[in-house]
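Descriptive analysis of the structure
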2 protein chains.
Amino acid sequence: MASQTEENYLKALFNLANPEGEINISDLAQQLEVSMPTANSMVKNLQKRGLVQYEKYKPVKLTSVGKKEAALIIRKHRLTEMFLVNKMGFGWEEVHEIAEQVEHIHSPKLFERMDEMMGFPTVDPHGSPIPDKQGRIQNLQLKSLIEANPGQEAVLSALADSSTEFLQYLNSRDLKLGTELKILSKEPFDQSMIVSYGSVEKETLSQKVCEKLLVKIFEAN
Amino acid sequence: MASQTEENYLKALFNLANPEGEINISDLAQQLEVSMPTANSMVKNLQKRGLVQYEKYKPVKLTSVGKKEAALIIRKHRLTEMFLVNKMGFGWEEVHEIAEQVEHIHSPKLFERMDEMMGFPTVDPHGSPIPDKQGRIQNLQLKSLIEANPGQEAVLSALADSSTEFLQYLNSRDLKLGTELKILSKEPFDQSMIVSYGSVEKETLSQKVCEKLLVKIFEAN
DNA sequence: ACAATTTGTTAGACTATTCTAACAAATAAT
DNA sequence: ATTATTTGTTAGAATAGTCTAACAAATTGT
Ligand SMILES: [Mn+2]
Ligand SMILES: [Mn+2]
Ligand SMILES: [Mn+2]
Ligand SMILES: [Mn+2]
């Protein structure tokens, strides 16, 4: 059984993988806030355990076993976040730190029950998909708001950044998942957008913000 | 901050303490399923950290700081057990193992919310008192069923043993906290008792069982 | 192509937690 | 009072996870 430390490495590897599934040791080290030699030695350990594929000076790749293990930890993380928000009244900006700990609990039944009590949710409070029990993740094919054009409507469906700071920014603007944004205009100079939503007539969103808002885009009619 | 391992030692020390607050290294080792040298070296470590009082060849004692730390971990354990039973539909025989892990989560808010959602319970699913936020524990002064006499009534209020096996035995006899037992007779030979409760007309409880049932005793009228 | 920078590796050390083997003190049994 | 048993201690070693210092390979920029 993977230790808590190993589980955190697997998760980081999963999240950092580029489209080809490759991860640099330095990115891994940075993500986990450890030194490169530390990351390096853990990668060797995971290799011995058959969870990653690795050769000296080449990028690391999770094996399919490693990928599944990682996805199942992420499943526990996201179920926990959703449970904390839906069933315990936490804000979406408060749950990540707790889930970071709860994800390591060994109890299939605990997570089964969370899942059941919530009616088998498919996404977490930040819109990220919850892997299924086999560790499979559905791809929602969302677009960044930056891709939307004036005249279109966009439903906020997920976030490319779930940091506390960004979530608090969204709270302050009353932006939540499900919010329908009407794109009023787009500033060619700095890529900022003016949008309207809910009871908010007019709000300017910087490029930085727009990039992090993942949406479903519709033609307004 | 105490590590998960240190927390488990503190809890064991708290639970094993005799009326004078003293614990033998050998009992500690046995409880935690480690060797005596291991327990010994952890005791030295806890001493350095000011959590126990200890001198070579003398029994260990928690300091008041150590006692409070221990009680607060037990608080998290018992709140968790109660939450799992009351809010998530677990049986009282399923929750200890999970709580053993959840008790180490660092999140005052998580346990606050559990407490709130349950309306500030004072005992766990096995009738053991939940320490308050200051680490104080109320003493319920319960008696063992063995002390009750024919003609009296007893309300099952806690258990002196919360092992899965015992809890499953109680499940099989439909015995729960709150069950009102009428003592019909007591066998002088083996200390077994014949009782009646709920829809159960007549049930024989061995001495072993009776000793582990903690009750409030009333004169029947 | 060469130099500079970034990335990755090795070696060696440290802490936390555990063990076994050997011994010492305390307690219990004759 | 001795002896035997139980309990506790020390010494020495192992593993997991981390670090810094030094070096090597790969990549980037002229
Ligand atoms: Mn998260
Ligand atoms: Mn984690
Ligand atoms: Mn318990
Ligand atoms: Mn525990």
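Data block above holds the structure.
The shown structure was predicted, so the numbers you read here are calculated from the model rather than taken from an experiment.

Describing the environment of A39 of chain A
Residue and element names in this part refer to chain A. Inspection of the secondary structure puts A39 in helix α3 (residues 36-48). Sequence separation between A39 and A70 is 31 residues; the distance between their C-alpha atoms is 17 Å. Discounting residues that sit within four places of it in the chain, A39 has contacts with Y9, I25, L28, A29 and V34.

Quick notes on helix α3 (residues 36-48) of chain B
Residues and elements named next belong to chain B. Spanning 13 residues, α3 covers 18 Å between terminal C-alpha atoms, matching the ideal 18 Å at 1.5 Å per step. Taken together, the buried positions of α3 are occupied by A39, M42, V43 and L46. All buried residues of α3 fall inside an arc of 105° around its axis, so they share one side. Residues of α3 that are exposed and point over 90 degrees away from its buried face: P37 and K48. Where α3 is buried, its residues contact α1 (4-16), α2 (25-32), β2 (52-53) and β3 (60-62). Immediately downstream of α3, the backbone of G50 shows phi near 75°, a positive value.

What about the packing of helix α4 (residues 64-86) of chain A against helix α5 (residues 95-102) of chain A?
Residues and elements named next belong to chain A. Interhelical geometry of α4 versus α5 gives an angle of 135° and a closest axis separation of 8 Å. The pairing of α4 with α5 is recorded here as oblique in orientation. As for how α4 packs across α5, the hand of that crossing is right-handed. Every residue of α5 that contacts α4 at H77, T80, E81, L84 and V85 is listed here: V95, H96, I98, A99, E100 and V102. Per-class residue counts for the contact of α4 with α5 are 6 nonpolar, 3 polar and 2 charged.

Side note on unusual backbone geometry
Peptide bonds are trans in most cases, and residues, glycine excluded, mostly fall at negative phi. For E33 of chain B, which is not glycine, the phi torsion reads 55° and is therefore positive. Tracing the chain through its elements places E33 of chain B in the loop between α2 and α3.

Section: the pairing of strand β6 (residues 180-186) of chain A
Residue and element names in this part refer to chain A. Where strand β5 (residues 152-159) lies against β6, 3 bridges are found, and the strand directions are antiparallel. For A154, the partnering residue across the bridge sits in β6 and is L181. The pairing of β6 with strand β7 (residues 193-197) spans 4 bridges and is antiparallel. Bridge pairing links K182 to S196 in β7. Counting the residues between successive antiparallel strands, the hairpin from β6 to β7 contains 6 residues, one of them, Q191, with a positive phi of roughly 65°.

Looking at the sheet that holds strand β7 (residues 193-197) of chain B
Residue and element names in this part refer to chain B. Ordered by their spatial adjacency, 6 strands build an open sheet running β4-β9-β5-β6-β7-β8, and the pairing between neighbours is antiparallel. Edge positions in the open sheet fall to β4 (143-144) and β8 (200-205), since each of these has one partner strand only. Pairing analysis gives 4 bridges linking β7 to β8, with the strands arranged antiparallel. When the sheet's bridge partners are listed, M193 is paired in β8 with L205. The sheet contacts of helix α7 (residues 164-172) involve β5 (152-159), β8 and β9 (213-219), and relative to β5 the element is tilted by about 140°.

Reading the values: rules and limits
- Residues numbered from 1 in each chain as written.
- Chains lettered and ligands numbered in written order.
- Predicted model: local features only at pLDDT ≥ 70, side-chain atom pairs only at ≥ 80, totals over all residues.
- Heavy atoms only, no water.
- Helix = DSSP H or I, 4+ residues; strand = E, 2+ residues; numbered from the N terminus.
- Contact = heavy atoms within 4.5 Å.
- Expected span 1.5 Å × (residues − 1).
- Buried < 20%, exposed > 50% of the residue type's maximum accessible area, 1.4 Å probe, protein only.
- Arc of directions from axis to C-beta.
- Axes fitted to C-alpha atoms, helices over the stretch in contact; angles between N-to-C directions.
- Parallel < 35°, antiparallel > 145°, perpendicular 65-115°, else oblique.
- Left-handed = near helix turned anticlockwise from the far one by under 90°.
- Nonpolar A, V, L, I, M, F, W, Y, C, P; charged D, E, K, R; others polar.
- Pairing = 2+ DSSP bridges.

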